[in-house]
Amino acid sequence: MKINRFAIYIATIMTLGCGKAYGAIPEKTPIIEMVADNLKLTLMVGEDKRVYQLSFGDADASISLPEKTLTREQEFLPAYGNGVITESAIQATHTDGNTSTDLKYLSHRCDTVSPDITQTVISLRDFAYNFFVDVYVKCYKKSGMMEIWNTIRHDERGGKVVLYKYASASPILKSNEYWLTQFNGKYKREATLEEERLGEGIKILDSKLGVRASQYRIPSFMLAYGHSAKEREGEVFAASLRWSGSFQLAFDMDWNKSLRVLTGINPVGAHYNLERGATFTTPAVLWTYSKHGKGEASRRFHRWAADYAVRDAEKLRPILLNNWEATHCDFNEERLVGLFDGAKEIGAELFLLDDGWFGNGEFSRDDDKHGLGDWEISTKKLPRGLSYLAKEASKRKIGFGIWLEPEMVNPKSDLYTRHPEWIMTQQKREPILGRHQEILDLTRPEVQHFEWQVIDNTLRPNPGVSYVKWDCNRYVTQPGSQYLPAHEQSHLLVDYNNALYRLMNRFASNYPNVMAMLCAGGGGRVDYGALQYFHSFWPSDNTDPLGRIKIQWGFGHFFPASTIAAHVTRMGKRHLKMAIDVALSGTFGIDLALDKATPEERKQLADGVKLYKNGIRDLVMFGELYRLVSPYETPLAAMSYVSTDKKKSVVYLYQTEDGNVPMIRMDGLEPEMHYALKEVNLPEGVAPRFASSTYTGKQLMETGIVNPLCSQFDSAVLLIDKVK
């Protein structure tokens, strides 16, 4: 029997919620069906009133109702302690000490939020206790995304319920073989793809870093059926957790080859004492599904992000010049204004003043050991203040931005001298430093007020500041609070991140015209929990273009190019052309000493800026990504962005090693359309290696173009335009 794409509850063969009645289904059998384009989740309430999963995946697949009683291994949100022997999603101890929970169906409803969005809420209850879980499933029709989260509450007498596990979702996948791709987050090698075939048992990917997700991996993954993930073919699921703190992704394959995927906040050291009448909300996890490989899954994420997840997605990201590589903390007004002149000369649109602009006296921010937490403008370096710099930048028709790290403090600071009790640390332990700094405890109301004042006192008196880079340069090693009571110490990392989101939301709401970049010791805070308040993120402190190729390649699996900051630097001492070509494939920027660059180099940079502004930026910001040749499989990385009307495309080719991929097949073009191909961004006097020619879309996609590149560090940028 094939079930229609609607949520229905058949008790009186009447329509409820999202859909309509259908077929010969046993009387009083509740079926709940949720569809996001080609992704469908189908649940059924059993005779025991527990909610079981019938399917998760292809919306066109036929689903047969079970002929026999469903087993507990198919329970949709399994709870610990009353018959569940596999990995549980919910684990709680009730006020009377009972460690078991048994969730049963209470009701459900489906609401139409907009023409594109439906939201189903499934209410569960432990009928032996006044303990309730509401499962939320939000479906986005246009992009084929499904967002799932839970709320937990209780009305039990006698105190608090202790939550030990609280997964955001735990759907079951069904195949004979699963291939898992994780995106490792090692510093300077962020978003590195690593793929493996799963076997029986539990595979856990996690983070215990507290205030940022990544040092070892990001909270995103892909799962392929039957074989390793392919770009253009095969069934692929992609998922990403909207959470910036410690997370856990657990993949539990049972003896039936069913794979339960549990995602959410890492429960290690994070049990939560839930007050009577209070509600605990888990972060949402995002899922999508593709029958045509991981390229389509990525594009679904990108479309959804542009519509719902990224701040001001419709705005062009400015081409910025950052001073960090040029000056570090050693600068003055004259040096900075000189860099403004260089920014104007090459056509940059914004100057970002990085670390080192604050702190006075013995705590002057002259290195990373001093002054963090003392956010007074340095009178030694900037005697006329930030507004003076912003005005000087404005005279040159460029914007002005500033670096902030409001969550952190150096012990060598006035703030730490006055408030050593504000830091996160464990009792009876010596505080452990990370990059010479400590983390301020955001669960403390005084710290919440202080960090808002850092932001507000920087921006409100200086309305010329139009951009903020928000950094977070260490993670938690001593998860203890000098503010929280003893029985709430395990709340610290959950409450910290919720307070952080409130702070970020306040910033975005009060300063809607200030653009912002996420940064966390490189790409340590790249997730859709934080990105809703920001325009872009810094993927890595590794700006060597050879390293950045794979880093940007990895992040592009989930995040659109409009969010991925990509800067030209001298790291690795590569050819300037390669550095520019790699940066042109993201949110383009420059981070080098222009006043020390040769006239030829400044000309090369200016040409790159001009090309980005006039020929590429719209495609990068709003086009659709197609990964053409993988650097994990060949000595070449090739990718393109195609306009939504299929009339234009920009193609990037990067040689990561010596060797040749002889033909490059394009993707995403209109087969019958005629296109002209042209190589661009060539240094003056260098002849094109790709002959300007005309092709049909079919020729470009089926036959491809001859690739002359063969030497490591070779690179090329090609423009493909519809022939008028």
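Residues numbered from 1 in each chain as written. Predicted model: local features only at pLDDT ≥ 70, side-chain atom pairs only at ≥ 80, totals over all residues. Heavy atoms only, no water.

**With respect to the sheet that holds strand S14 (residues 201-206)**
Remark on secondary structure: sheet strands pair via backbone hydrogen bonds, oriented parallel or antiparallel.
Here is step 1: If you trace the four strands from one edge of the open sheet to the other, you get S11-S18-S17-S14, paired in antiparallel fashion. Of all the strands in the sheet, the pair left with one neighbour each is strand S11 (172-174) and S14. Strand-to-strand twist of the sheet, defined as the mean angle between neighbouring strand axes without regard to direction, takes the value 20 degrees.
Here is step 2: With seven bridges joining them, strand S17 (residues 247-253) and strand S18 (residues 258-265) adopt antiparallel strand pairing. Across the sheet, the residue bridging to methionine 253 is leucine 259, located in S18. (Pairing = 2+ DSSP bridges. Helix = DSSP H or I, 4+ residues; strand = E, 2+ residues; numbered from the N terminus. Axes fitted to C-alpha atoms, helices over the stretch in contact; angles between N-to-C directions.)

**Overview of helix H9 (residues 576-583)**
Here is step 1: Of all eight residues in H9, eight are buried; the element is thus mostly enclosed.
Here is step 2: By the burial criterion, the buried members of H9 are Leu576, Lys577, Met578, Ala579, Ile580, Asp581, Val582 and Ala583. (Buried < 20%, exposed > 50% of the residue type's maximum accessible area, 1.4 Å probe, protein only.)

**Some words on the pairing of strand S32 (residues 624-629)**
The two faces of a sheet get side chains in turn, since along a regular strand they alternate between them.
Here is step 1: Taking burial as the measure, the six residues of S32 include six buried ones, the bulk of the element.
Here is step 2: Pairing of S32 with strand S33 (residues 636-642) involves five bridges; the strand directions are antiparallel. Each bridged residue has a counterpart across the sheet, and for leucine 625 the counterpart in S33 is tyrosine 641.
Here is step 3: The antiparallel pairing of S32 with S33 creates a hairpin that spans six residues between the two strands.

**Regarding empty space enclosed by the protein**
Here is step 1: One pass over the full model with this rule turns up nine cavities of 30 Å³ or more.
Here is step 2: Taken as a whole, the largest cavity holds about 110 Å³ of empty space.
Here is step 3: Gln552, Gly556, Leu625, Met639 and Tyr641 are the residues nearest the centre of the largest cavity, which is lined by 13 residues in total.
Here is step 4: Of all the elements in the fold, those that place two or more residues in the lining of the largest cavity are helix H8 (545-555), S32 and S33.
Here is step 5: Its residues placed into classes, the lining of the largest cavity shows eight nonpolar, four polar and one charged.
Here is step 6: A volume near 90 Å³ is recorded for the second largest cavity.
Here is step 7: In terms of lining, the second largest cavity is formed by Glu87, Ser88, Lys165, Tyr166, Ala167, Gln248, Leu262, Thr263, Gly264, Ile265 and Pro267.
Here is step 8: Every element with two or more residues in the lining of the second largest cavity is listed here: strand S10 (161-166) and S18.
Here is step 9: Looking at the lining of the second largest cavity, the element that brings in the most residues is S18, giving four residues.
Here is step 10: Its residues assigned to classes, the lining of the second largest cavity shows five nonpolar, four polar and two charged. (1 Å grid on protein atoms, 1.4 Å probe; cavity = no way out; pocket = protein on both sides within 12 Å on 5 of 7 lines; lining within 4 Å. Points joined across faces, edges and corners; volume = space filled by probe spheres on them. Nonpolar A, V, L, I, M, F, W, Y, C, P; charged D, E, K, R; others polar.)

**With respect to the pattern of salt bridges**
Here is step 1: Taken as a whole, this structure holds 48 salt bridges when the rule is applied.
Here is step 2: As a salt-bridge pair, aspartate 312 and lysine 315 come within 3.7 Å of each other at their nearest N and O atoms.
Here is step 3: Sharing partners across several salt bridges, the network here consists of Asp48, Arg50, Arg72, Glu75 and Asp102. (Salt bridge = Lys/Arg side-chain N within 4 Å of Asp/Glu carboxyl O.)

**Examining the packing of helix H6 (residues 445-459) against helix H7 (residues 492-510)**
Here is step 1: For the pair H6 and H7, the least separation of the axes is 11 Å and the interaxial angle reads 25 degrees. With respect to each other, H6 and H7 are oriented roughly parallel. Viewed along their axes, H6 and H7 form a crossing whose handedness is right-handed. Facing Gln448, Glu451, Trp452, Ile455 and Leu459 of H6, the residues of H7 in contact are Ala499, Arg502, Leu503, Arg506, Phe507 and Asn510.
Here is step 2: In terms of residue class, the contact of H6 with H7 is built from six nonpolar, two polar and three charged. (Parallel < 35°, antiparallel > 145°, perpendicular 65-115°, else oblique. Left-handed = near helix turned anticlockwise from the far one by under 90°. Contact = heavy atoms within 4.5 Å.)

**Thoughts on unusual backbone geometry**
Here is step 1: The phi dihedral of lysine 397 is positive, around 65 degrees, even though this residue is not glycine.
Here is step 2: Counting through the fold element by element, lysine 397 comes out in the loop between helix H4 (385-395) and strand S24 (399-404).
Here is step 3: The backbone of histidine 436 sits at a positive phi, close to 65 degrees, despite the residue not being glycine.
Here is step 4: You can see histidine 436 is positioned in the loop between helix H5 (414-418) and strand S26 (438-439).
Here is step 5: What makes histidine 436 partly exposed here is its relative accessible area of 32%.

**Regarding helix H3 (residues 333-346)**
Here is step 1: When the terminal C-alpha atoms of H3 are compared, their 20 Å separation across 14 residues agrees well with the 20 Å that a helix rising 1.5 Å per residue should span.
Here is step 2: Along H3, the positions that sit buried rather than exposed are Glu333, Leu336, Val337, Leu339, Phe340, Gly342, Ala343 and Ile346.
Here is step 3: Sitting at the head of H3, asparagine 332 places a side-chain oxygen 3.2 Å from the backbone nitrogen of glutamate 334.
Here is step 4: Positive backbone phi, at 95 degrees, marks glycine 347, one or two positions downstream of H3. (Expected span 1.5 Å × (residues − 1). Polar contact = N/O pair within 3.5 Å; in protein donor to acceptor, adjacent residues only side chain to side chain.)

**Side note on the pairing of S33**
Here is step 1: Judged by how many residues are buried, S33 sits mostly within the fold: seven of seven residues are covered.
Here is step 2: Burial of the side chains of S33 extends over both faces: Leu636, Ala638, Ser640 and Val642 are buried on one face and Ala637, Met639 and Tyr641 on the other.
Here is step 3: Across seven bridges, S33 lies against strand S34 (residues 648-655) in antiparallel orientation. Bridged to methionine 639 within S34 is tyrosine 652.

**Comments concerning the nonpolar core**
Here is step 1: In terms of nonpolar packing, the biggest core is built from 195 residues, with Trp287, Leu353 and Phe400 touching the most fellow members.
Here is step 2: The dominant element in this core, judged by the number of residues it contributes, is H7, at 11 residues.
Here is step 3: Grouped together as the second largest cluster of nonpolar side chains are 24 residues, Leu636, Val642, Tyr695 and Met701 included. (Core = buried A, V, L, I, M, F, W, Y, C linked by side-chain atoms within 4.5 Å.)

**Description of the side chain of glutamine 437**
Here is step 1: With respect to the helices, strands and loops of the structure, glutamine 437 is situated in the loop between H5 and S26.
Here is step 2: Using a relative accessible area of 0% as the deciding quantity, one classes glutamine 437 as buried.
Here is step 3: In this structure the side chain of glutamine 437 is engaged in a polar contact, spanning 2.9 Å, whose partner is the side chain of glutamate 405.
Here is step 4: Excluding its chain neighbours within four sequence positions, the residues that come into contact with glutamine 437 are Leu372, Glu405, Met408, Val409, Asn410, Pro411, Asn473 and Arg474.

**Description of the environment of glutamine 119**
Here is step 1: Within the secondary structure, glutamine 119 is located in strand S7 (residues 117-126).
Here is step 2: Taking the C-alpha atoms as reference points, glutamine 119 and proline 479, separated by 360 residues in sequence, lie 36 Å from one another.
Here is step 3: Filtering out sequence-adjacent residues up to four positions away, glutamine 119 remains in contact with Arg109, Cys110, Asp111, Val113, Tyr136, Val137, Lys138 and Trp149.

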